[in-house]
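Residue-level structural notes
Here's the letter readout for the chains.
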Amino acid sequence: MNGVKSLFLLGLVLLSLAAFVAADDVPRVGGPRLLEGDERKEAIDELDATLATLATGDGPSYKAVNVKSVTTQVVSGQLKVYEVELKNGDDKKDCTVKIWTQVWLKKNGTNIKIKCGDEGELDRTW
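Anyway, here's the lowdown on the structure attached to this text. (Residues numbered from 1 in each chain as written. Predicted model: local features only at pLDDT ≥ 70, side-chain atom pairs only at ≥ 80, totals over all residues. Heavy atoms only, no water.)

Notes on the environment of Gln102
Residue position: Gln102 is located in the loop between strand 4 (91–101) and strand 5 (110–115). In this structure, Gln102 is in contact with Ser76, Gly77 and Gly109, ignoring residues within four places of it in sequence. (Helix = DSSP H or I, 4+ residues; strand = E, 2+ residues; numbered from the N terminus. Contact = heavy atoms within 4.5 Å.)

So, the side chain of Thr110
Mapped onto the elements of the fold, Thr110 is located in strand 5. Since its relative accessible area comes to 17%, Thr110 is described here as buried. Residues within four places of Thr110 in sequence aside, it is in contact with Thr50, Ile99, Trp100, Thr101, Arg124, Thr125 and Trp126. (Buried < 20%, exposed > 50% of the residue type's maximum accessible area, 1.4 Å probe, protein only.)

A word on the nonpolar core
Across soluble globular proteins, you tend to see nonpolar side chains buried next to one another. Judged by nonpolar contacts, the single largest core of 18 residues is most densely connected at Leu47, Leu51, Tyr82, Leu86, Val97 and Ile114. At the level of secondary structure, the elements contributing two or more residues to this core comprise helix 2 (37–56), strand 2 (63–74), strand 3 (78–88), strand 4 and strand 5. (Core = buried A, V, L, I, M, F, W, Y, C linked by side-chain atoms within 4.5 Å.)

Here's the deal with the environment of Gly77
With respect to the secondary-structure elements, Gly77 resides in the loop between strand 2 and strand 3. Judged by relative accessible area, which is 17%, Gly77 ranks as buried. When the C-alpha atoms of Gly77 and Leu105 are compared, they prove to be 9.9 Å apart, with 28 residues separating the residues in sequence. In contact with Gly77, not counting residues within four places along its chain, are Trp100, Thr101, Gln102 and Trp104.

Overview of the state of the cysteines
Tallied over the entire structure, the rule returns one disulfide. Through a disulfide, Cys95 is tied to Cys116; the S-S separation comes to 2.0 Å. One quick way to see it: the torsion about the S-S bond of Cys95 and Cys116 is about 100°, and its sign makes the bridge right-handed. In this pair, Cys95 sits in strand 4 while Cys116 sits in the loop between strand 5 and strand 6 (122–125), placing the two residues 21 residues apart along the sequence. We classify Cys95 as buried; its relative accessible area is 3%. (Disulfide = S-S within 2.5 Å.)

Next up, the structure:
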């Protein structure tokens, strides 16, 4: 009888371990998620529109040249993080762009942060 209990416990441990390992492939609620296909295209359109809005104010006139990756995350709104090559005139640089939107806010519902290498971070809200 002792052998049956041990075998049962071993089976439970192995089953739990298999479930834990398989859970790494499952997206986590609230965690970042890589965008692909139509969602990626929509996110790039949002990046282009946000950069255009930034250029109408006191910000630089950046254009996205090469979007390497885009993730999205639900965080009291939506946070999209872009690894992207930006162009400002003839100057090109690799940057991280974060766009946080809270669509229910009529004022200050969009925040953009741009960090390129060792340069300071640009941070604007409208």
